[in-house]
Amino acid sequence: MTRLSVNVNKIATLRNARGGSDPAPETAARRALLAGAHGITVHPRPDLRHIRPDDVAVVATLLRQWPRAEFNIEGNPFAPASGAYPGLIELVRANRPQQCTLVPDGDNQITSDHGFDPTEDVERLRDVVAEIRSLGTRVSVFVDVGGGDFSAFKRIGIDRVEIYTGPYAASARSGGSDLASAIEACAATARAAQAAGLGVNAGHDLDRHNLGRFLAGVPEVLEVSIGHALIGDALELGLDAAVQAYLDVIKAAVE
């Protein structure tokens with residue numbers, strides 16, 4: 001079954017808006033795991049806008065109490081160290097997550113909005129991937145829909161791709177006639193990655209209304225990473241119930 005990794009960045013955003021220590025990402029992560037989430041995702045950035053390096057360490061310690069759950073650290077491996085931010089690879093080295101997802105975002109982006117190219121970015125990713133894998137961490141790479149040949153990613157040691165689902169979610173919100181083609185484009189990307197021997201994750205703007213259709217149409221998605229929508233739903237339902245609602249959607253989609 002597809003695994004649900006809950007991204008707790010938005011909890012840190014709320015805390016940082018006021019200062020202090022509440023609400024704590026660690027507390028939200030614990031509640032999500034108790035509710036049945038299969039893992040926790042964080043995406044620290046050099047500008048410290050939400051998750052900070054000290055949060056990463058605290059959540060990593062929490063995850064060690066949950067041997068069946070996975071910790072996923074996302075980030076840009078080419079963003080330099082800055083102030084309290086030591087760089088993505090140093091965070092992986094210090095906290096040893098099960099998975100590191102490489103995302104080519106910049107400080108001027110509100111959120112991630114594009115992926116690495118399976119042809120043009122291979123050489124610059126090669127050494128990064130080797131170093132992260134040497135730490136015992138699986139490497140996933142954020143990719144756009146439409147990448148046709150992922151064999152070079154496989155050759156340099158990448159384990160999975162995470163399909164950027166923002167365009168699919170936009171089609172789902174608009175209810176336009178292009179929704180079926182948006183799903184098929186995601187499915188074709190997943191099949192191409194799987195043909196190259198890569199696992200497939202997905203994330204970005206997935207919510208409890210569009211997730212089921214996505215999973216029904218895209219083959220063998222191993223993990224979805226969801227934060228913004230799930231935390232928004234938690235304001236209405238409560239965090240425990242929101243996590244369970246997403247798990248119910250996943251279960252229904254794959255049955």
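For the structure itself, look to the data block above.
Residues numbered from 1 in each chain as written. Predicted model: local features only at pLDDT ≥ 70, side-chain atom pairs only at ≥ 80, totals over all residues. Heavy atoms only, no water.

Draft legend 1. Structural detail: the sheet that holds strand S7 (residues 199-203). Taken together, the eight strands give a closed barrel; going around it, the order is S1-S2-S3-S4-S5-S6-S7-S8, and neighbouring strands pair in parallel fashion. Averaged over neighbouring strand pairs, the angle between their axes works out to 25 degrees when direction is ignored. Packing against the sheet, helix H8 (residues 179-195) makes contact with strand S6 (160-164) and S7, and its axis sits at approximately 170 degrees to S6. (Pairing = 2+ DSSP bridges. Helix = DSSP H or I, 4+ residues; strand = E, 2+ residues; numbered from the N terminus. Axes fitted to C-alpha atoms, helices over the stretch in contact; angles between N-to-C directions. Contact = heavy atoms within 4.5 Å.)

Draft legend 2. Broad picture of the pattern of salt bridges. Tallying each qualifying case throughout the model produces 14 salt bridges. The closest approach of N and O atoms between Glu 90 and Arg 93, which form a salt bridge, is 3.3 Å. In this pair, Glu 90 and Arg 93 both sit in helix H4 (residues 88-95), three residues apart, roughly one turn of the helix. Classification of Arg 93 as partly exposed rests on a relative accessible area of 32%. With a shortest N-O distance of 3.4 Å, Glu 236 and Arg 208 are connected by a salt bridge. (Salt bridge = Lys/Arg side-chain N within 4 Å of Asp/Glu carboxyl O. Buried < 20%, exposed > 50% of the residue type's maximum accessible area, 1.4 Å probe, protein only.)

Draft legend 3. Broad picture of the environment of Ala 69. Inspection of the secondary structure puts Ala 69 in the loop between helix H3 (53-63) and strand S3 (70-75). Distance from Ala 69 to Gln 98, taken between C-alpha atoms, is 9.1 Å for residues 29 residues apart in sequence. Among all residues touching Ala 69, those that are not within four sequence positions of it are Arg 3, Leu 33, His 38, Gly 39, Leu 63 and Gln 98.

Draft legend 4. View of the layout of surface pockets. Size it by volume and the second largest pocket reaches roughly 240 Å³. Taken together, 14 residues line the second largest pocket, and the ones lying closest to its centre are Ile 11, Ala 28, Ile 231, Ala 234 and Leu 239. Every element with two or more residues in the lining of the second largest pocket is listed here: helix H1 (9-18), helix H2 (25-34) and helix H10 (228-237). In terms of residue count, the dominant contributor to the lining of the second largest pocket is H1 (four residues). Its residues placed into classes, the lining of the second largest pocket shows nine nonpolar, three polar and two charged. (1 Å grid on protein atoms, 1.4 Å probe; cavity = no way out; pocket = protein on both sides within 12 Å on 5 of 7 lines; lining within 4 Å. Points joined across faces, edges and corners; volume = space filled by probe spheres on them. Nonpolar A, V, L, I, M, F, W, Y, C, P; charged D, E, K, R; others polar.)

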